[in-house]
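Here is how the chains run, residue by residue.
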Amino acid sequence: MSKFNVTTLGQFIIERQHEINVAKGEFSRLLRDIGIAAKTISREVNRAGLADIIGEAGSSNIQGEDQKKLDVIANDLVIDCLTRGGEVCAVASEEDDDIIFIDSPVSKNAKYIVCMDPLDGSSNIDVNVSIGTIFSIYQRVTSVGTKANTEDFYQPGNKMLAAGYVIYGTSTMLVYTTGNGVNGFTLDPGIGEFCLSHPDMKIPEMGKIYSYNEGNILSAPKGVQEYITWCQQYDKDTNRPYSARYIGSMVADFHRNLLKGGIFIYPATDKAPNGKLRLLYECNPMSFIMEQAGGVSTTGKERILDIVPNALHQRVPIYMGSKGMVNQLLELLDK
Ligand code: AHM
Ligand code: MG
C-alpha cells in the first residue's frame, strides 16, 4: 500500500479534469495557479502580525473604503500568478476600479477571465479574525486574441466555470466547485500542499444558525425582521431559539454554515440600499458553491446566478444557506 495516502489539490484537479467541458490542460493550469496564489497569500496572512503589513495602505478602492496593506498584497499576488500562468486575459477585482488587462507574451491566446475578492472581510485583518479570498472563472465571450471588455464580465453567474474560496482560519482551506459538487482541501504546512480533507461537501437541509448583522435590523425589510424574531422564539419542535453567529467575514460565516447548516443574510439597509455585497466578486461565486452543495441563494426576488450584471461593482441583497431555512425566510419576504 502506498504510504502517500493523501490527494493533493494538484492531483485532484488532474483526476477530475474529464468533468470539464473546456480545454482541459489550460483550465487545470489556471486552477493550479490560483492554488499557488492562495498558498502565498496564506503565508502573508500568517505573518501579518510580525511584518509591518497590517493597517491601511493609504489608498481607497472604488467604493471609497480604505484598503488595507494586505488587501493590496493579496491583489497583486493573484494578478502576478495569473499573469505568469498565461491562461487569463483579464481580471476584475474588488480592489480595482476597472478591468485589469493581462497582456503578457504567454497570455496571447488566453480564454478565461477571473473575478475576485482577493481579501474579503478586511475589517478583520487587524484583529486576527478569519478572512478569505473569493474567486470565479468564466470563459471569455469576446474573440480570443482581442482585448477583453465588459461583455466578458457581464455574464450571469450561471455561466461560471468554477468558483472557490480560501479561508484563512485555524487552518487554511481551499473550497471549490467546477459544477460537479464541492470539495474542500486543507493546507498541510508540513508539505506545503492543499490536501483533500472535505470531499463532496453538502449543506444540511436545515440548520439552527443565522448569520446576520443585527445592528441593521431597524432598516431591514419587514420579512427579515419577522424571520429574525421567529428564529429567536422558543419552540422545542423546531429546535428554536436558533443561534446567532456573525463573524463579519462572509467567507468564514459561509464556511461555518456550509458545514453545520445555517442561513447567511445581507439585505438592503438604509446605508446600503442595494445591499452591501458585490455580485461579481462575492455573491456569484459563493452562490455557485452554495447551490452545488445543495443550498439556495437568492436576492429574495430572484436566483442570484440568473442576474445579468450591469456594472463591475454592482451590489445585491443576498439570502443563502440551507434550503429549508432560506425557503422559510422567502415565505415571510413574499407576504
Ligand atoms: P469587504 O470586502 O470590504 O471586506 O466587505 C465584505 C464583508 C463581508 O465579508 C461581510 O459579510 C460583510 O462585509 C460584513 O459587513 P458588515 O460589517 O456591514 O456586517
Ligand atoms: Mg469583500
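Bear in mind the structure is a predicted one, so any value in this text is a computation, not a measurement.

(A) Summary view of the overall build of the protein chain. Of regular secondary structure, the protein chain possesses 8 helices and 15 strands. Expected size for 335 residues packed as a compact globule is a radius of gyration near 20 Å; at 19 Å, the protein chain falls within 12% of this value. Here the C-alpha coordinates of the protein chain stretch approximately 60 × 50 × 45 Å along the principal axes. Relative to its full complement of 335 residues, the protein chain shows a buried share of 53%. Considering only contacts within the protein chain whose residues lie at least 6 apart along the sequence, 64% involve residues at least 24 apart. Carbon and sulfur atoms make up 49% of the accessible area of the protein chain, which totals about 14700 Å². Between the centroid of the 32 positive side chains of the protein chain and the centroid of its 40 negative side chains there is a distance of 4 Å.

(B) The arrangement of the site of ligand 1 in detail. Of all residues adjacent to ligand 1, which total 16 residues, the nearest are Glu94, Asp120, Tyr246, Met250 and Tyr266. The backbone of Gly121 places a nitrogen or oxygen atom 2.8 Å from an oxygen atom of ligand 1. A total of 470 Å² of accessible area belongs to ligand 1 in isolation, and the protein chains cover 85% of it. Counting residues per element, the ones that place at least two in the shell around ligand 1 are strand E5 (112–120) and strand E13 (263–266). Of the residues that constitute the shell around ligand 1, the class distribution is 5 nonpolar, 5 polar and 6 charged.

(C) Region of the structure containing the sheet that holds strand E12 (residues 243–244). The 5 strands lie next to each other as E12-E11-E13-E15-E14, forming an open sheet whose pairing is mixed. With one partner strand each, in any of the chains shown, E12 and strand E14 (296–298) form the two edges of the open sheet. Of the pairings in the sheet, the one linking strand E11 (residues 209–211) to E12 comprises 2 bridges and is parallel in character. Of the residues in E12, the one forming a bridge with Ile209 is Ser243. Lying over the sheet, helix H5 (residues 222–232) contacts E11, E13 and strand E15 (318–321), oriented at roughly 145° with respect to E13. Relative to the sheet, helix H6 (residues 250–260) contacts E11, E13 and E15, its axis offset from that of E11 by approximately 165°.

(D) Structural context of the domain arrangement of the protein chain. Parsing the protein chain into structural domains produces domain 1 (9–198) and domain 2 (209–334). Domain 1 and domain 2 are separated by 23 Å when their C-alpha centres are compared. The junction of domain 1 with domain 2 conceals about 2900 Å² of combined surface from both sides, 65% of it contributed by carbon and sulfur atoms. Considering only the side of domain 1, the residues that lose the most area to domain 2 are Ile134, Tyr154 and Tyr165, jointly responsible for 21% of the buried surface there. For Glu94, the salt bridge identified is with Arg278, shortest N-O distance 3.6 Å. Listing elements by their share of the side of domain 1 that touches domain 2, those giving two or more residues are strand E3 (88–93), E5, strand E6 (131–139), strand E7 (162–168) and strand E8 (172–177). Its residues placed into classes, the side of domain 1 that touches domain 2 shows 23 nonpolar, 17 polar and 7 charged.

(E) The coordination of the magnesium ion (ligand 2), seen in detail. Distances from the magnesium ion (ligand 2) to its protein donors, Glu94 (OE), Asp117 (OD), Asp120 (OD) and Glu282 (OE), fall within 1.9 to 2.5 Å. In primary sequence terms, the donor set of the magnesium ion (ligand 2) follows E-x22-D-x2-D-x161-E. Residue Glu94 is located in the loop between E3 and strand E4 (100–101), and its partner Asp120 is located in strand E5; the two are separated by 26 residues in the primary sequence. Comparing Glu94 with Asp120 shows no difference in burial state: the two are buried.

(F) The arrangement of the layout of surface pockets in detail. If you add up the space inside the second largest pocket, you get close to 260 Å³. Taken together, 15 residues make up the lining of the second largest pocket; nearest its centre are Val45, Ala48, Ile125, Asn128 and Val129.

(G) The arrangement of the sheet that holds strand E9 (residues 182–188) in detail. The 8 strands lie next to each other as E4-E3-E5-E6-E7-E8-E9-E10, forming an open sheet whose pairing is mixed. In this open sheet, the two strands that pair with only one neighbour each are E4 and strand E10 (193–198). Bridge count between E7 and E8: 6 bridges; the pairing is antiparallel. Following the sheet pairing, Ile167 is matched in E8 by Met173. Packing against the sheet, helix H3 (residues 69–85) makes contact with E3, E4 and E5, and its axis sits at approximately 155° to E5.

(H) Quick peek at a nonpolar patch on the surface. A surface patch of nonpolar side chains, about 210 Å² in accessible area, is lined by Val127, Val129 and Ile247. Using a relative accessible area of 51% as the deciding quantity, one classes Val127 as exposed.

(I) Looking closely at the environment of Phe185. Assignment of secondary structure puts Phe185 in strand E9. According to the relative accessible area criterion, Phe185 is buried, its value standing at 0%. Distance in space between the C-alpha atoms of Phe185 and Ile263 is 23 Å, their sequence separation being 78 residues. Setting aside residues up to four positions removed in sequence, Phe185 forms contacts with Thr8, Leu9, Phe12, Thr172, Met173, Leu174, Tyr176, Phe194, Cys195, Leu196 and Ser197.

(J) Spatial organisation of the environment of Asp188. Secondary-structure assignment places Asp188 in strand E9. Its relative accessible area of 31% is what places Asp188 among the partly exposed residues. For Asp188, the contacting residues outside a window of four places in its chain are Glu193 and Cys195.

About the criteria used
Residues numbered from 1 in each chain as written. Chains lettered and ligands numbered in written order. Predicted model: local features only at pLDDT ≥ 70, side-chain atom pairs only at ≥ 80, totals over all residues. Heavy atoms only, no water. Helix = DSSP H or I, 4+ residues; strand = E, 2+ residues; numbered from the N terminus. Rg over C-alpha atoms; globule rule 2.2 N^0.38 Å. Buried < 20%, exposed > 50% of the residue type's maximum accessible area, 1.4 Å probe, protein only. Contact = heavy atoms within 4.5 Å. Areas by Shrake-Rupley, 256 points an atom, 1.4 Å probe, with all protein chains shown as cover. Lys, Arg positive; Asp, Glu negative; His and termini not counted. Charge placed at Lys NZ, Arg CZ, Asp CG, Glu CD. Near = heavy atom within 4 Å. Polar contact = N/O pair within 3.5 Å; in protein donor to acceptor, adjacent residues only side chain to side chain. Nonpolar A, V, L, I, M, F, W, Y, C, P; charged D, E, K, R; others polar. Pairing = 2+ DSSP bridges. Axes fitted to C-alpha atoms, helices over the stretch in contact; angles between N-to-C directions. Domains from an automatic or database assignment. Buried area = accessible area lost by both parts, 1.4 Å probe. Salt bridge = Lys/Arg side-chain N within 4 Å of Asp/Glu carboxyl O. Donors = N, O, S within 2.8 Å, 3.2 Å for Na, K, Ca; no water. 1 Å grid on protein atoms, 1.4 Å probe; cavity = no way out; pocket = protein on both sides within 12 Å on 5 of 7 lines; lining within 4 Å. Points joined across faces, edges and corners; volume = space filled by probe spheres on them. Patch = residues over 30% accessible without salt bridge, like charges linked within 9 Å, V, L, I, M, F, W, Y side chains within 5 Å.

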